[in-house]
Amino acid sequence: MVQKRKVPERKCVVTNEMKPKKQLIRVVRNKDGEVFVDETGKKNGRGAYLTRDLEIIRQAEKTNVLNRQLNTEVDSSIYEDLIKLVEGKKHD
(Lines give C-alpha, C1' and ligand atoms only; values in the text may rest on other atoms or scores of the structure.)
Protein backbone atom coordinates (compact mmCIF):
# COMPACT_ATOMS: atom_id res chain seq x y z
CA MET A 1 0.00 0.00 0.00
CA VAL A 2 1.36 3.41 -0.98
CA GLN A 3 1.62 5.94 1.84
CA LYS A 4 0.54 9.49 1.02
CA ARG A 5 2.99 12.10 2.24
CA LYS A 6 1.58 14.68 4.60
CA VAL A 7 1.51 18.15 3.04
CA PRO A 8 3.11 20.65 5.43
CA GLU A 9 0.69 23.41 6.41
CA ARG A 10 1.33 26.81 7.96
CA LYS A 11 -0.91 29.58 9.24
CA CYS A 12 -1.20 32.92 7.44
CA VAL A 13 -0.59 35.67 10.04
CA VAL A 14 -3.26 37.92 8.47
CA THR A 15 -6.16 35.54 7.80
CA ASN A 16 -5.25 32.88 10.42
CA GLU A 17 -6.05 30.20 7.81
CA MET A 18 -4.05 26.99 7.64
CA LYS A 19 -2.79 26.49 4.09
CA PRO A 20 -0.23 24.31 2.33
CA LYS A 21 3.22 25.84 2.79
CA LYS A 22 3.67 26.25 -0.98
CA GLN A 23 0.72 28.66 -1.16
CA LEU A 24 2.33 31.01 1.37
CA ILE A 25 5.29 33.41 1.37
CA ARG A 26 7.71 33.34 4.32
CA VAL A 27 9.18 36.51 5.79
CA VAL A 28 12.14 35.94 8.13
CA ARG A 29 14.01 37.83 10.84
CA ASN A 30 17.43 36.32 11.46
CA LYS A 31 19.65 36.56 14.58
CA ASP A 32 21.23 39.79 13.30
CA GLY A 33 17.81 41.44 13.14
CA GLU A 34 17.68 41.51 9.33
CA VAL A 35 14.21 41.02 7.83
CA PHE A 36 13.87 39.54 4.34
CA VAL A 37 11.58 37.51 2.10
CA ASP A 38 12.52 33.82 2.13
CA GLU A 39 11.43 32.30 -1.18
CA THR A 40 12.93 28.90 -0.32
CA GLY A 41 11.17 28.66 3.05
CA LYS A 42 14.31 27.16 4.59
CA LYS A 43 16.40 30.06 5.88
CA ASN A 44 17.25 30.24 9.59
CA GLY A 45 15.34 32.64 11.78
CA ARG A 46 11.92 33.60 13.04
CA GLY A 47 9.40 33.21 10.24
CA ALA A 48 5.94 34.53 9.50
CA TYR A 49 3.77 33.36 6.62
CA LEU A 50 1.53 35.41 4.34
CA THR A 51 -0.94 34.21 1.70
CA ARG A 52 0.20 34.92 -1.88
CA ASP A 53 -2.44 37.60 -2.43
CA LEU A 54 -2.01 41.36 -2.98
CA GLU A 55 -4.94 42.22 -0.71
CA ILE A 56 -3.48 40.16 2.14
CA ILE A 57 -0.05 41.80 1.74
CA ARG A 58 -1.57 45.28 1.73
CA GLN A 59 -3.62 44.41 4.80
CA ALA A 60 -0.48 43.12 6.56
CA GLU A 61 1.29 46.41 5.80
CA LYS A 62 -1.66 48.47 7.04
CA THR A 63 -2.04 46.54 10.31
CA ASN A 64 1.72 46.08 10.96
CA VAL A 65 1.10 42.40 11.70
CA LEU A 66 4.65 41.46 10.63
CA ASN A 67 6.12 43.92 13.14
CA ARG A 68 4.30 42.07 15.93
CA GLN A 69 5.03 38.57 14.63
CA LEU A 70 8.75 39.17 14.08
CA ASN A 71 9.24 41.48 17.10
CA THR A 72 11.00 44.11 14.99
CA GLU A 73 10.35 47.06 12.68
CA VAL A 74 9.61 45.77 9.16
CA ASP A 75 10.78 48.14 6.41
CA SER A 76 8.34 49.10 3.64
CA SER A 77 10.79 47.65 1.08
CA ILE A 78 9.86 44.17 2.39
CA TYR A 79 6.22 44.79 1.44
CA GLU A 80 7.36 46.03 -1.99
CA ASP A 81 9.36 42.81 -2.44
CA LEU A 82 6.30 40.76 -1.45
CA ILE A 83 4.09 42.61 -3.94
CA LYS A 84 6.63 42.12 -6.75
CA LEU A 85 6.87 38.42 -5.89
CA VAL A 86 3.08 37.95 -6.00
CA GLU A 87 2.67 39.97 -9.21
CA GLY A 88 5.52 38.06 -10.84
CA LYS A 89 3.89 34.71 -10.01
CA LYS A 90 0.55 35.75 -11.55
CA HIS A 91 2.07 36.38 -14.99
CA ASP A 92 3.63 32.89 -15.29
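Structure: above.
Described below are features of the structure shown in this document. (Residues numbered from 1 in each chain as written. Predicted model: local features only at pLDDT ≥ 70, side-chain atom pairs only at ≥ 80, totals over all residues. Heavy atoms only, no water.)

1. Section: the pairing of strand S3 (residues 24-29)
Stated formally: Three labels apply to residues, based on accessible area from a 1.4 Å probe with only protein chains included: buried if under 20% of the type maximum, exposed if over 50%, partly exposed otherwise in between. Every helix listed is a DSSP run of H or I at least four residues long, and every strand listed is a run of E at least two residues long, numbered separately from the N terminus. At least two DSSP bridges between two strands are required for those strands to pair.
For S3, the tally of buried residues reaches five of six residues, placing the bulk of the element in the interior. Pairing of S3 with strand S5 (residues 46-51) involves six bridges; the strand directions are antiparallel. Paired with Leu-24 across the two strands is Thr-51, which belongs to S5. Looking at chain direction, S3 and strand S4 (residues 35-38) are connected through four bridges and run antiparallel. Paired with Arg-29 across the bridge in S4 is Val-35. Linkage of S3 to S4, two consecutive antiparallel strands, is achieved through a turn of five residues, within which Gly-33 is found at a positive phi near 90 degrees.

2. Some words on the sheet that holds S3
We count it as follows: Between the N-to-C directions of two axes lies an angle of 0 to 180 degrees, each axis being a line fitted to C-alpha atoms and, for a helix, fitted only over the stretch in contact.
One open sheet holds the three strands; their spatial order is S4-S3-S5, and the pairing between them is antiparallel. Each having just a single partner strand, S4 and S5 make up the two edges of the open sheet. Averaged over all adjacent pairs, the angle separating strand axes in this sheet is 30 degrees, with direction ignored.

3. Brief notes about the environment of Glu-34
Condition: Only heavy atoms matter for contacts: two residues are in contact if any of them lie within 4.5 Å across the pair. As used in this structure description, the phrase polar contact means that two N or O atoms lie within 3.5 Å; if the pair is within protein, one of them must be able to donate a hydrogen and the other to accept it, and residues adjacent in sequence are counted only when both atoms belong to side chains.
Locating Glu-34 in the fold gives a position in the loop between S3 and S4. Take Glu-34: its relative accessible area is 44%, and that puts it in the partly exposed class. With 11 residues separating them along the chain, Glu-34 and Gly-45 place their C-alpha atoms 9.5 Å apart. Those residues in contact with Glu-34 that sit more than four places away from it in its chain are Val-28 and Arg-29. At a separation of 2.8 Å, a polar atom in the side chain of Glu-34 contacts the side chain of Asn-30.

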